[in-house]
2 protein chains.
Amino acid sequence: MRDFSADHRWMSLNTATVRKQGDLAEIIEACARHGIRAIDPWREQVAAVGLDRAVRMVRDAGLELSGYCRGGMFVADAAHRMQARDDNRRAVDEAKALGAPCIVLVAGGLPQYSRAGSAASKDIAAARAQVEDGLAELLVYAREVNLPLAIEPLHPAYAADRACVNTTKQALDICDALDPKRTGLLGVALDVYHIWWDPEVLPQIARAGKDRLLAFHVCDWLVPTKDILNDRGMMGDGVIDIKSIRAAVEAQGFAGYSEIEIFSNDWWEKPVDEVLRTCIERHRSVV
Amino acid sequence: MRDFSADHRWMSLNTATVRKQGDLAEIIEACARHGIRAIDPWREQVAAVGLDRAVRMVRDAGLELSGYCRGGMFVADAAHRMQARDDNRRAVDEAKALGAPCIVLVAGGLPQYSRAGSAASKDIAAARAQVEDGLAELLVYAREVNLPLAIEPLHPAYAADRACVNTTKQALDICDALDPKRTGLLGVALDVYHIWWDPEVLPQIARAGKDRLLAFHVCDWLVPTKDILNDRGMMGDGVIDIKSIRAAVEAQGFAGYSEIEIFSNDWWEKPVDEVLRTCIERHRSVV
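In this text, all values refer to a predicted model and were calculated from it rather than measured experimentally.

Rules used throughout
- Residues numbered from 1 in each chain as written.
- Chains lettered and ligands numbered in written order.
- Predicted model: local features only at pLDDT ≥ 70, side-chain atom pairs only at ≥ 80, totals over all residues.
- Helix = DSSP H or I, 4+ residues; strand = E, 2+ residues; numbered from the N terminus.
- Contact = placed C-beta atoms within 7 Å.
- Axes fitted to C-alpha atoms, helices over the stretch in contact; angles between N-to-C directions.
- Parallel < 35°, antiparallel > 145°, perpendicular 65-115°, else oblique.
- Left-handed = near helix turned anticlockwise from the far one by under 90°.
- Nonpolar A, V, L, I, M, F, W, Y, C, P; charged D, E, K, R; others polar.
- Pairing = 2+ DSSP bridges.
- Buried ≥ 20, exposed ≤ 12 C-beta atoms within 10 Å, placed from the backbone.
- Right-handed = clockwise from strand over helix to strand, strands pointing away.
- Least-squares fit on C-alpha atoms with pLDDT ≥ 70 in both.

K.L.:
When you look at the environment of leucine 13 of chain B in this model, what are you seeing that I'm missing?
P.N.:
Structurally, leucine 13 of chain B can be placed in strand β1 (residues 11-14). Other than its neighbours up to four places away in sequence, leucine 13 of chain B contacts Cys31, Ile36, Ile39, Ile260 and Cys279 of chain B.

K.L.:
Explain the packing of helix α3 (residues 51-60) of chain B against helix α4 (residues 81-98) of chain B to me, please; I cannot follow it from the model alone.
P.N.:
Axis angle and axis distance: for two packed helices, these are the angle between their axes and the distance between the axes, and together they describe the pair. Residue and element names in this part refer to chain B. For the pair α3 and α4, the least separation of the axes is 9 Å and the interaxial angle reads 30°. One finds that α3 runs roughly parallel with respect to α4. The way α3 lies across α4 gives a crossing that is right-handed. The residues of α4 that touch α3, namely those facing Leu51, Ala54, Val55 and Val58, are Glu94, Ala97 and Leu98. A class-by-class count of the residues in the contact of α3 with α4 yields six nonpolar, no polar and one charged.

K.L.:
Help me out: how do you make sense of the sheet that holds strand β4 (residues 68-72) of chain B in this one?
P.N.:
As a general point, the strands of a sheet are linked pairwise by backbone hydrogen bonds and lie either parallel or antiparallel. Residue and element names in this part refer to chain B. In spatial order, the strands read β3-β2-β1-β9-β8-β7-β6-β5-β4; together these nine strands make up an open sheet with parallel pairing. At either margin of the open sheet sits one strand with a lone partner, and together these are β3 (64-65) and β4. As paired elements, β1 and strand β9 (residues 258-260) share three bridges and run parallel to each other. Following the sheet pairing, serine 12 is matched in β9 by glutamate 259. Lying on the sheet, helix α10 (residues 242-251) is in contact with β7 (186-191), β8 (213-218) and β9; it crosses β8 at an angle near 170°.

K.L.:
Please clarify how the environment of isoleucine 27 of chain B should be interpreted in this entry.
P.N.:
Relative to the helices and strands, isoleucine 27 of chain B is located in helix α1 (residues 24-33). Sequence separation of isoleucine 27 of chain B and isoleucine 39 of chain B is 12 residues, and the distance between their C-alpha atoms is 9.5 Å.

K.L.:
Just checking my understanding: could you explain unusual backbone geometry for this structure?
P.N.:
Peptide bonds are trans in most cases, and residues, glycine excluded, mostly fall at negative phi. Valine 223 of chain A connects to proline 224 of chain A through a cis peptide bond whose omega is -5°. Looking at the element boundaries, proline 224 of chain A is found in the loop between β8 (213-218) and α10 (242-251). One non-glycine residue with positive phi stands out, namely asparagine 146 of chain B, at about 60°. Looking at the secondary structure, you find asparagine 146 of chain B in the loop between α6 (124-145) and β6 (149-151).

K.L.:
How do you make sense of the pairing of β8 of chain B when you look at a structure like this?
P.N.:
Residues in a regular strand project their side chains so that they alternate between the two faces of the sheet. Residue and element names in this part refer to chain B. Buried residues dominate β8, accounting for six of its six residues. Relative to β8, β7 is paired through four bridges, and the arrangement is parallel. From the neighbouring strand, alanine 189 faces β8, where its bridge partner is alanine 215. The pairing of β8 with β9 spans three bridges and is classified as parallel. Paired with phenylalanine 216 across the two strands is serine 258, which belongs to β9. Crossover β8 to β9 through α10 is right-handed.

K.L.:
Looking at this structure, how should I read the interface of chain B and chain A?
P.N.:
How large an interface is tends to be reported as the accessible area lost when its parts come together. Contacts between chain B and chain A engage 22 residues on the former and 22 residues on the latter. Across the side of chain B that touches chain A, the residue classes break down as 13 nonpolar, four polar and five charged.

K.L.:
Would you explain the relation of the copies chain B and chain A in this entry?
P.N.:
Between the two copies of this chain, the relationship is a rotation about some axis together with a displacement along it. With an RMSD of 0.0 Å, the operation that places chain B on chain A is a rotation of 180° combined with a shift of 0.0 Å along the axis. Between the two chains, the operation in question is that of a two-fold axis. In this assembly the copies share their binding face: 100% of the residues contributing to the interface of chain B also contribute to that of chain A.

K.L.:
Help me understand the pairing of strand β5 (residues 103-106) of chain B, please; the structure alone is not making it clear to me.
P.N.:
Residues and elements named next belong to chain B. Taking every second residue as pointing to the same face, both faces of β5 are buried, with Ile103 and Leu105 on one and Val104 and Val106 on the other. Bridge analysis of β4 against β5 gives four bridges, and the strand direction is parallel. Counted as the bridge partner of cysteine 69 is valine 104 from β5. Handedness of the crossover is the feature at issue here: the chain leaves β4, passes through α4, returns alongside β5, and the resulting connection is right-handed. Here three bridges tie β5 to β6, and the two strands are oriented parallel to one another. When the bridges of β6 are listed, valine 104 appears paired with alanine 150.

K.L.:
Quick question: what am I supposed to make of the packing of helix α7 (residues 168-178) of chain B against helix α9 (residues 201-212) of chain B here?
P.N.:
Residues and elements named next belong to chain B. At a minimum axis separation of 9 Å, α7 and α9 run at an interaxial angle of 35°. By crossing handedness, the relation of α7 to α9 is classed as left-handed. Only Val201, Gln204, Ile205, Arg207, Ala208 and Arg212 of α9 make contact with α7, whose side of the interface consists of Thr168, Lys169, Leu172 and Cys175. By residue class, the composition of the contact of α7 with α9 is five nonpolar, two polar and three charged.

Below, the structure is given as structure tokens:
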């Protein structure tokens, strides 16, 4: 396992972590002040400054990307399925333009939450089938432009409204079905927040192997969790044994960034420099 | 699948559903008013009126029990392990005295949350090993008094603070390890709230079979969920396809009560008769 204690060479910042503190230009400037070498920006942050300007800012700052957030939301009723397909192709194009190593895909939950305006359903099995169909279709497009797709299994607390892919096993089953030859174009983005509870997580990480491990995200699970979406913890403030999960990922040969992604009403209230200083300190001590 | 539309013969009330509206005596009176024939009382409600009086009240009202809530919380540091063991034996004795068909067991999460005062740990694998050890020990006691133990897997959102047994598969793996002969003394209590998201839930229900299906609980998952513990929904108000899960359970031969257990700050504010009327109506229409 790599030693992170001496520097933050392998730390990436998911820009949602400080999305309330400034726009993408301000976040990139803050990263420069703190010697942060990689980011994972969100589509709406890129759209707000314009894609061309975002591409220039990333290049001029000498930043790498650890991913691009996010595509997916494959579940929709018939009237919204083309919209989902086209939207995902645009997201792939943006990721490519920005030089991202992969695009992070959140599957979508039930259609009424995944694509606004879709007819309501309680059929989660049907939603899961649609995700697999949508991924199969997007994989054809991703192959043309050579941009890897990273399925992010989300915690079961989000099964209804965000993602019906809820375990590493489930994500890898999809990978094996759609990409049996392990081309490197389909894999998983694993966030400790979503997977730490899973009794099968360590054997599933071993099953994934280096080919399928496209991104690794960190934050922490707080007790109590006051808000089901926006009360994620700074690493070290919760109950996740982060090092043991990173050790498992790196044992497979993963050598990429540890990306910090914290959705938190508390941390969004703090000055950006305080947030980034804390991220760096925790990256060195508890990640 | 049984037809529930004509009456509420197979509805049971978990008394936590109206725990803010009155004590156990008042809840039992309310059940009588509404023709509810079974309850699952909580230990603290029984303790508040006294065990002997609770036994008499249940008998005098002609009530059946669908379970007794709850034992477990097996995870503790060394200093608190005997306390956990003795506490669980008392719970089994109480269940037996009340005529419960089983005791519902919530495994416990990390030791600092499972048994107050225990030293803190982030080792969920160790917690899981302790749960299995604690269950093995309690099973010996349960066998002596012939009282079945029902492991309730809890939603992964509770993995840290309430239960590190989070899937039906995990609970059944423990059952198979400790009770390979399927004596009927060890099984699962399945609550749709905790299991609905699980992509493996239907095959795991089939794996459980009638021998292991000791209790079936219903409520609903609301979107958004405002409170991670106390915002469960009335059946029909959320996203769970309850009938499909009941069909799977009954296909295995389960013929017991559908027990309504709703922890809800909203429903605790309403008059008990309104809550019970709604429970009965929804039991007939959406369960």
